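What follows is each chain in one-letter form.
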Amino acid sequence: MTGLPPPPDYDDDLAGDVAGYDPNHRYGPSDPLGAHIINWYTLPDHNARAAWAALRDWVEWFAVRYRISESVIPACWYKHGQLVEELSALHTAHTVAFDATDAGFGPIGWHERLSLALPRLTKAYSGGCARGHDPLKPRSWDGITDEQDWDAWTRKAHAHQDTPPPGGSSTGRKKDDHQDPGHHRGQPHR
């Protein structure tokens, strides 16, 4: 005797339990558990203040809790786009990992992801803001692309640019001993 209660007595009529189930109906949100992903590229201005406030709260907690130095996350972190993207992704992963509905693997998964993200986070800020924010000159595409060249290039897929297409030959000639890279002078051909 184990002292455990007997197993429940299941009905034989399982069809009744799933009678209202529609496999084509969505039964819940598709967002990760407990998180709302911020796409900074498309974030509308009217949602910006709340998104920034939530990220700031988390970044300040994270930097203290995990002892992240100012050389990695400076006070002006929010003005460095690559840092914002990395920190936002970490924030979302942390929120999901510690959601109450997690099965228990979230916290270890979070720390595994953090160990992968720390080198990227370290590279995301190049330094230079020790005496206040020093804005980096962002890369610009203005006037760089040759539009005629772009137009000509985009008329083809270029899938086989470096290799012959399947079933075809690049030259149409048959290899002979003189074209065989394995054939060396002074050695008999095998």
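If you're wondering where the values come from, they're calculated on a predicted model, not measured in any experiment.

Asker: Help me get a handle on the packing of helix H1 (residues 45–65) against helix H2 (residues 81–97), residues and values and all.
Answerer: H2 packs onto H1 with a crossing angle of 85 degrees between their chain directions and a minimal axis gap of 10 Å. Taken as axis vectors, H1 and H2 run roughly perpendicular relative to one another. Two secondary-structure elements touch here, H1 through Trp 52, Ala 54, Leu 55, Trp 58, Val 59, Trp 61 and Phe 62 and H2 through Val 84, Leu 87, Ser 88, Leu 90, His 91 and His 94. The class makeup of the residues in the contact of H1 with H2 is 10 nonpolar, 3 polar and no charged.

Asker: Report on the packing of aromatic side chains, specifying residues and quantitative values.
Answerer: What the rule picks out here adds up to 10 aromatic pairs. Ring centres of Trp 58 and Trp 110 lie 6.1 Å apart, and the angle between their planes is 85 degrees; this geometry places the pair in the edge-to-face category. Taken together, the residues span a long stretch of sequence, with Trp 58 in helix H1 and Trp 110 in helix H3 (residues 106–124) at a distance of 52 residues. For the residue pair Trp 58 and Trp 110, the accessibility class agrees, reading buried in each case. An angle of 80 degrees between the planes, with centres 6.0 Å apart, marks the rings of Trp 61 and Tyr 66 as edge-to-face. Residue classification places Tyr 66 among the partly exposed residues on the basis of a relative accessible area of 25%. Taken together, Trp 58, Trp 61, Phe 62, Tyr 66 and Trp 110 form an aromatic cluster joined through their ring pairs.

Asker: Account for the nonpolar core, with residues named and values stated.
Answerer: Formed by 24 residues in total, the largest nonpolar core has its most connected members in Phe 62, Ile 73, Trp 77, Leu 87, Leu 90 and Leu 121. Broken down by secondary-structure element, the contributors of at least two residues to this core are H1, H2 and H3. Non-local contacts of Leu 121, meaning those with residues more than four positions away in its chain, are made with Phe 62, Val 72, Ile 73, Leu 83, Glu 86, Leu 87 and Leu 90.

Asker: Quick rundown of unusual backbone geometry? Include the residues and the values.
Answerer: Of note in this structure, Arg 67 is not a glycine but carries a positive phi near 50 degrees. Classification of Arg 67 as exposed rests on a relative accessible area of 75%.

Asker: Residues and numbers for the pattern of salt bridges, please.
Answerer: A complete count under the given rule lists 3 salt bridges for this structure. Between Arg 56 and Glu 60 there is a salt bridge, and its shortest N-O distance comes to 2.7 Å. Placement of the pair is Arg 56 and Glu 60 together in helix H1, with a separation of 4 residues, close to one helical turn. According to the relative accessible area criterion, Glu 60 is partly exposed, its value standing at 41%.

Asker: Mind laying out H1, listing which residues take part and the relevant values?
Answerer: Counted at 1.5 Å a residue, the expected span for H1 with its 21 residues is 30 Å, and the 30 Å between its end C-alpha atoms agrees. Those residues of H1 that sit buried are Ala 48, Ala 51, Leu 55, Trp 58, Val 59, Phe 62 and Ala 63. Looking straight down H1, one finds that the buried residues subtend no more than 130 degrees of arc, so they occupy a single side. Those residues of H1 that are exposed and aimed more than 90 degrees away from the buried face are Arg 49, Ala 50, Asp 57, Val 64 and Arg 65. Elements that come into contact with the buried residues of H1 comprise H2 and H3. Downstream of H1 by one or two residues, Arg 67 has phi in the positive range, about 50 degrees.

Each value, and the rule that gives it
- Residues numbered from 1 in each chain as written.
- Predicted model: local features only at pLDDT ≥ 70, side-chain atom pairs only at ≥ 80, totals over all residues.
- Heavy atoms only, no water.
- Axes fitted to C-alpha atoms, helices over the stretch in contact; angles between N-to-C directions.
- Helix = DSSP H or I, 4+ residues; strand = E, 2+ residues; numbered from the N terminus.
- Parallel < 35°, antiparallel > 145°, perpendicular 65-115°, else oblique.
- Contact = heavy atoms within 4.5 Å.
- Nonpolar A, V, L, I, M, F, W, Y, C, P; charged D, E, K, R; others polar.
- Phe/Tyr/Trp six-rings, centres within 6.5 Å; stacked < 30°, edge-to-face > 60°.
- Buried < 20%, exposed > 50% of the residue type's maximum accessible area, 1.4 Å probe, protein only.
- Core = buried A, V, L, I, M, F, W, Y, C linked by side-chain atoms within 4.5 Å.
- Salt bridge = Lys/Arg side-chain N within 4 Å of Asp/Glu carboxyl O.
- Expected span 1.5 Å × (residues − 1).
- Arc of directions from axis to C-beta.

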